[in-house]
Amino acid sequence: MAFVRRDEVRGTRFSLLMLDLGEYYFEHHTAFYTRTNIQKKERLHGSFKICSKSLLFEPYNVIEPILKFPLQECTKIEEIGEVDADNPNEPKGTGCVIVCNQVFAIKSFNHIAPYEALRTSSEFEFHFEHCDPEDILPNIHQLLRASRLDKLGDKAAMITAILQSRLARTTFDTSICGTEDRMQCSAEMVLPLVTNPGHVCVTFHYLFFQPLSGFPESMLKIPLQDVRRLYKRRHVLKPVGLEVFCTESGLCSDIYLKFYNTKDRDEVYYLIASCLDNHVTEHTTESYTLQWQRGLISNYDYLLHLNNLADRSFNDLSQYPVFPWIIVDYTSPQLDLSNPATFRDLCKPIGALNAERLKRLLERFKQMPPDQKFMYGSHYSSPAYVLFYLVRVAPEHMLCFQNGRFDHADRMFNSIADTWNNCMDGVTDFKELIPEFFGKDPSFLENRLGLHLGVRQDGQPVQDVDLPPWASDSADFLEKQNDALESPFVSQRLNDWIDLIFGYKQRGDEAVKVHNVFHPLTYEENADLDRNGDATQKVAVLTQILEFGQTPKQLFTTPHPQRMTPFALERWPHSQRLPSSGSNSNHHAQSLEGPECSKDDFGANSSFEDLTEDTRVLVWSSLDRLQISSQHKIHKDSVTALSCSSSNSFLFSASQDSTMKMFSMESLFLQRSVSFSNMTLSSCVMLPGDVTVVCGSWDNNIYFYSVPFGRKQDTLMGHDDAISRVYWHSGLLCTASWDSTVKLWKCSAERLAEQKRNVCELQAEVEHDSGVTAVHMSPTCAALASGTKEGLLTIWDVETQEALRALQAHTGTVRDTAFSPDGRHLLSCGDDGFLKVVDVRTATMTASCHACTPQRCLVWDGNTALAGSENGELVVWDITMLRVLARLSGHAGAITCLQLNEVNGTVITGGEDRNISIWKLP
């Protein structure tokens, strides 16, 4: 927790962690915020901060919250003219007014807590104290334009250009150097989750870093005579990092720099190293290994050194040091370190300890394409896992990572035993530990800050972590953990785990043999951002690298030697498997025993569900043979939604031209055209009985149309902003809106068929932090899934209206989502171009694949998905193997909606080209 301790020393209220991931802090100005409170105007003095994706105001009064204005939510930012300088109640100077749809209040009363979202379109008035708005507003408007670009790649490119322009316009303050500088360049200081751009200067005596924003200090100065260790680093799997330590054995460096090219990094490294008499770069992997073999350094210190040499850093949560689970017994009153059954089998990765789970994973692995094979969809180390463990001491980091929220209380790090059990049984949980589990500071296990982390389903608030019975307190737990790590039994076998993480079993055929294969993008050689020309895809791959784990740099290509120190414990042969733990284990015997699986022992294809209906199986297995039967242009603008009658006789379509059309599937002629308002109809759905069609509109209303009578039957004023989706399932009407809510209405199709009005009764309403763009209901109606403009995927309990799971699934808008027929998995697609499969029970990603273009709509049967693409293709995906089965050209623009009839194999698609295409199997 070295990085946490350093932040505490700084003691500042504002933090870069209040920015979005990947956001930059550019500049700040002293300002007054004028607000009206009970007919009285108040002025708050503070700091107005300009960042690449948001504006922030930090009042100097610590009771007041810090206000964050996301630029993409700002509708107006304008200059305020001169004010009356003779009026003492008005601030002198000029300023600006901001109108924002959503504002975040952070650290009210200076307490660390989830951000409070203030949904408002009110005006916020600011007056700058010592500067002219004409010098500030052009910069803000430039960033505002960037925030309004549609594609993520274009946004990132424009922000990068703005950053480089600012760096080019500013120079290092050479008056501070004292002597002539030897080199200057631009770089970013790397901190956990954030980076801070600025200028680097190297002289004969000092290393300087001058942040562009002047935060957290105007200049960082490191005497070269104090430098003890110097390491070249890879950052985002590129050789552009440099980390400087002024201690022999400190965990956290004095500065970690990321350069914009390798040449600058190497030159700075050479200039610093050439001035040092005592830096210890000569400590190679081989020298540390020899010291460890001879017992001169502990297992704990050796693992720290290996992590360091493999580019794992306490400053980089995407490459945080990784340590192994050692103990498997979390139920016994006493810990017996003389019993082999107490220990985990270090020959196997976490995912291979449960034989039953491993068998399922290997069945899926066998069916994957050769260049995309992986056994585990999630990694053993990622920022999410690190913060899962450290949330009690790094709450602001967790809030930054999860968009201002803590995780659901039941998914928090609540219990050592439960966490181990989930790693053993969970479908997608394969995480290892972090160094803190073997250190001397137990604060990460205790809620010393008094944080309100939520209440679990059993009614208990989240407080300290529940410890095993054999630990008297958290300090005793850490001491026993360390005793286990340094025990003779582990010392004799630690080399096996090193082979998996840092050694010859990390990749290639040896990794396959021991079931140690992770997603291709976690390996350095597969994540070359420079060879990918598409800017949006670069952003998507970069996000995958930063958030889903990185495999350490490989340190050993041959088997790691054993420790040579003699032990009293009789040595066990490596080929002998650990016995089951019996009563001392918290997991069943199969987790450590069971048949070994070689790479030729794979079973049949593993699917998300067992399909028994021959017709459905035939249809889904034949989708790659779909052919267009006919095309019809019946709308004047993009088609937004489709819904067929149960008999497949009629098709109803909605469009941005504000009309709903009724089309005969038998005669292939347009039957009716209906207009409810002059705004876009975003959705339509035919209710059971084929009598009533429900439409959602951008005018905030929901319309009910009677097919037999050919007229609008009823209107429901459901939301405060545009309706984005309408969905029906088992007597529940679900409506989603840009007003950040989803509403569930109890609605009788039978009563509507009888021409009854006002028959929809509001049952539930769930709030989001941004507009909702996708919804779907589980087969049993127990859970509701929603996707937002910010890429958040949330699973709600329909009865209690509580968020059961929340996951930042996409970096852009969630376009569509759907439960599998068994309700166990959730498939989603988004603007970032990814298809993601989420385990509903654990809210973890079980599969992730990137398409050539974003997918806009989808249906699936748990194994095969049919998706409409942005480039007009109908794409058939094998989800279990994460590969494309077919790409079928169908539209001149994006496919925006589709319908599949599982009985006769008919597919209907609507697109931005205004066409409706009817596809059939030959």
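Let us look at the structure shown here. (Residues numbered from 1 in each chain as written. Predicted model: local features only at pLDDT ≥ 70, side-chain atom pairs only at ≥ 80, totals over all residues. Heavy atoms only, no water.)

**Digging into the overall build of the protein chain**
Argument step 1. Looking only at helices and strands, the protein chain features 16 helices and 44 strands.
Argument step 2. Evaluated residue by residue, the protein chain yields a buried proportion of 60% over its 922 residues.
Argument step 3. Put simply, 58% of the contacts in the protein chain that link residues at least 6 apart link residues at least 24 apart. (Helix = DSSP H or I, 4+ residues; strand = E, 2+ residues; numbered from the N terminus. Buried < 20%, exposed > 50% of the residue type's maximum accessible area, 1.4 Å probe, protein only. Contact = heavy atoms within 4.5 Å.)

**Structural notes on the sheet that holds strand β27 (residues 732-737)**
Argument step 1. Strand order in the open sheet formed by four strands is β26-β27-β28-β29, with antiparallel pairing between adjacent strands. Because the sheet does not close on itself, it has two edges, and the strands there are β26 (723-729) and β29 (761-767). With direction set aside, neighbouring strand axes in the sheet form an average angle of 20°. (Pairing = 2+ DSSP bridges. Axes fitted to C-alpha atoms, helices over the stretch in contact; angles between N-to-C directions.)

**Points about the state of the cysteines**
Disulfide: a covalent bond connecting the sulfur atoms of a pair of cysteines.
Argument step 1. The tally for this structure, following the rule as stated, stands at one disulfide.
Argument step 2. Disulfide partner of Cys747: Cys760, at an S-S distance of 2.4 Å. Taken together, the residues span a long stretch of sequence, with Cys747 in the loop between β28 (741-746) and α16 (749-753) and Cys760 in the loop between α16 and β29 at a distance of 13 residues. Here Cys747 and Cys760 have matching classes, each one buried.
Argument step 3. Unpaired in this structure, Cys897 has its nearest cysteine sulfur neighbour in Cys857, at a distance of 6.3 Å.
Argument step 4. Look at Cys897 and you get buried, because its relative accessible area is 7%. (Disulfide = S-S within 2.5 Å.)

**Quick word on the packing of helix α2 (residues 133-147) against helix α3 (residues 152-169)**
Argument step 1. Close contact between α2 and α3 brings their axes to 8 Å; oriented N to C, the two are set at 155°. Relative to α3, α2 is oriented roughly antiparallel. Of the residues in α3, those in contact with Asn139, Gln142, Leu143, Arg145, Ala146 and Ser147 of α2 are Lys155, Met158, Ile159, Ile162 and Arg166.
Argument step 2. Of the residues belonging to the contact of α2 with α3, the class tally is five nonpolar, three polar and three charged. (Parallel < 35°, antiparallel > 145°, perpendicular 65-115°, else oblique. Nonpolar A, V, L, I, M, F, W, Y, C, P; charged D, E, K, R; others polar.)

**Side note on the packing of aromatic side chains**
Argument step 1. Across all of its chains, the model carries 37 aromatic pairs by this definition.
Argument step 2. Judged by centre distance (5.2 Å) and plane angle (55°), the ring pair of Trp325 and Trp420 falls under tilted. Of this pair, Trp325 sits in the loop between α6 (299-309) and α7 (355-367) while Trp420 is found in helix α10 (residues 416-425), placing the two residues 95 residues apart along the sequence. Each member of the pair, Trp325 as well as Trp420, is classed as buried.
Argument step 3. Centroid distance Tyr330 to Trp420: 6.3 Å. Interplanar angle 50°. Geometry classified as tilted. With Tyr330 in the loop between α6 and α7 and Trp420 in helix α10, this residue pair connects regions lying 90 residues apart in the sequence. Accessibility assignment for this pair places Tyr330 and Trp420 in one class, buried.
Argument step 4. Ring pairing ties together the aromatic residues Tyr33, Phe48, Phe57, Phe69, Phe124, Phe126 and Phe128, which thus form one cluster. (Phe/Tyr/Trp six-rings, centres within 6.5 Å; stacked < 30°, edge-to-face > 60°.)

**Considering the packing of α6 against helix α12 (residues 488-501)**
Argument step 1. Close contact between α6 and α12 brings their axes to 12 Å; oriented N to C, the two are set at 15°. What the angle tells us is that α6 and α12 run roughly parallel. α12 is crossed by α6, and the crossing has right-handed handedness. In this structure, α6 uses Asn299, Tyr302, Leu303 and Leu306 to contact α12, whose residues at the interface are Ser491, Leu494, Trp497 and Ile498.
Argument step 2. In terms of residue class, the contact of α6 with α12 is built from six nonpolar, two polar and no charged. (Left-handed = near helix turned anticlockwise from the far one by under 90°.)

**What to know about the pattern of salt bridges**
Argument step 1. Taken as a whole, this structure holds 30 salt bridges when the rule is applied.
Argument step 2. Across the pair Arg233 and Asp311 runs a salt bridge, and its minimum N-O distance is 3.5 Å. Remark: Asp311 occurs in the loop between α6 and α7 and Arg233 occurs in strand β14 (residues 229-235); sequence separation between them is 78 residues. Accessibility classification places Arg233 together with Asp311 in one group, the buried group.
Argument step 3. Each of the salt bridges in this network shares a partner with another, and the network as a whole consists of Arg119, Arg405, Glu767 and Asp769. (Salt bridge = Lys/Arg side-chain N within 4 Å of Asp/Glu carboxyl O.)

**Some points on unusual backbone geometry**
Argument step 1. Cis geometry is adopted by the peptide bond preceding Pro216, which originates at Phe215 and carries an omega value of 0°.
Argument step 2. As for its placement among the helices and strands, Pro216 is situated in the loop between β12 (206-211) and β13 (220-223).
Argument step 3. Of note, the phi angle at Asn110 is positive, near 60°, even though the residue is not glycine.
Argument step 4. A relative accessible area of 35% places Asn110 in the partly exposed class.
Argument step 5. Despite not being glycine, Leu668 has its phi angle at roughly 60°, a positive value.
Argument step 6. Here Leu668 shows up in the loop between β20 (659-664) and β21 (670-675).
Argument step 7. A relative accessible area of 34% places Leu668 in the partly exposed class.

**Remarks on a nonpolar patch on the surface**
Argument step 1. A grouping of Val62, Ile63 and Phe109 is seen on the molecular surface, where their side chains present a nonpolar patch of about 300 Å² in accessible area.
Argument step 2. Looking at where Phe109 falls in the secondary structure, it is placed in the loop between β7 (102-106) and β8 (116-119).
Argument step 3. Judged by relative accessible area, which is 57%, Phe109 ranks as exposed. (Patch = residues over 30% accessible without salt bridge, like charges linked within 9 Å, V, L, I, M, F, W, Y side chains within 5 Å. Areas by Shrake-Rupley, 256 points an atom, 1.4 Å probe, with all protein chains shown as cover.)

**Overview of the environment of Val514**
Argument step 1. Checked against the element boundaries, Val514 lands in the loop between α13 (508-513) and α14 (535-547).
Argument step 2. It is 8.5 Å that separates the C-alpha atoms of Val514 and Leu500, two residues lying 14 residues apart in sequence.
Argument step 3. Val514 has contacts with Pro349, Leu500 and Lys505, leaving out every residue within four places of it along the chain.

**A few points about the nonpolar core**
Side chains of a nonpolar character, in soluble globular proteins, are inclined to be buried together.
Argument step 1. Membership of the largest hydrophobic core comes to 148 residues, with the highest contact counts inside it found for Phe437 and Phe502.
Argument step 2. Excluding residues that lie within four positions of it along the chain, Phe502 makes contacts with Leu306, Asn307, Ala310, Val322, Trp497, Pro552, Lys553, Gln554, Leu555 and Phe556.
Argument step 3. Counting residues in hydrophobic clusters, the runner-up holds 32 residues, among them Leu71, Cys74, Phe124 and Ile140. (Core = buried A, V, L, I, M, F, W, Y, C linked by side-chain atoms within 4.5 Å.)

**Digging into α7**
Argument step 1. The first and last C-alpha atoms of α7 sit 19 Å apart over 13 residues, in line with the 18 Å expected at 1.5 Å per residue.
Argument step 2. Along α7, the residues classified as buried are Arg357, Leu358, Leu361, Leu362, Glu363, Arg364 and Phe365.
Argument step 3. Measuring from the backbone nitrogen of Glu356 back to the side-chain oxygen at the start of α7 gives 3.1 Å, which picks out Asn354 as the cap. (Expected span 1.5 Å × (residues − 1). Polar contact = N/O pair within 3.5 Å; in protein donor to acceptor, adjacent residues only side chain to side chain.)

**Some words on the pairing of strand β31 (residues 783-788)**
Argument step 1. Counting buried positions along β31 yields six of six residues, so the element is predominantly enclosed.
Argument step 2. Residues Ala783, Ala785 and Gly787 point to one face of β31 and Leu784, Ser786 and Thr788 to the other, with burial holding for every one of them.
Argument step 3. Pairing analysis gives five bridges linking strand β30 (residues 772-777) to β31, with the strands arranged antiparallel. Residue Val772 lies in a different strand from β31, and its bridge partner there is Thr788.
Argument step 4. In this structure, the hairpin formed by β30 and β31 is closed by a connection of five residues, where Cys781 is found at a positive phi of approximately 65°.
Argument step 5. Bridge count between β31 and strand β32 (residues 792-797): five bridges; the pairing is antiparallel.

**Topic: the side chain of Asp657**
Argument step 1. Here Asp657 lies in the loop between β19 (650-655) and β20.
Argument step 2. Despite its burial, Asp657 pairs with no opposite charge; the closest candidate is Lys661, at 5.1 Å N-O.
Argument step 3. Here Lys636 takes part through its backbone nitrogen, which lies 2.9 Å from a polar atom of the side chain of Asp657.
Argument step 4. A polar contact is formed between the side chain of Asp657 and the side chain of Thr659, at a distance of 2.7 Å.
Argument step 5. Those residues within four positions of Asp657 in sequence are excluded, and the remaining contacts are His635, Lys636 and Asp637. (Lys, Arg positive; Asp, Glu negative; His and termini not counted.)

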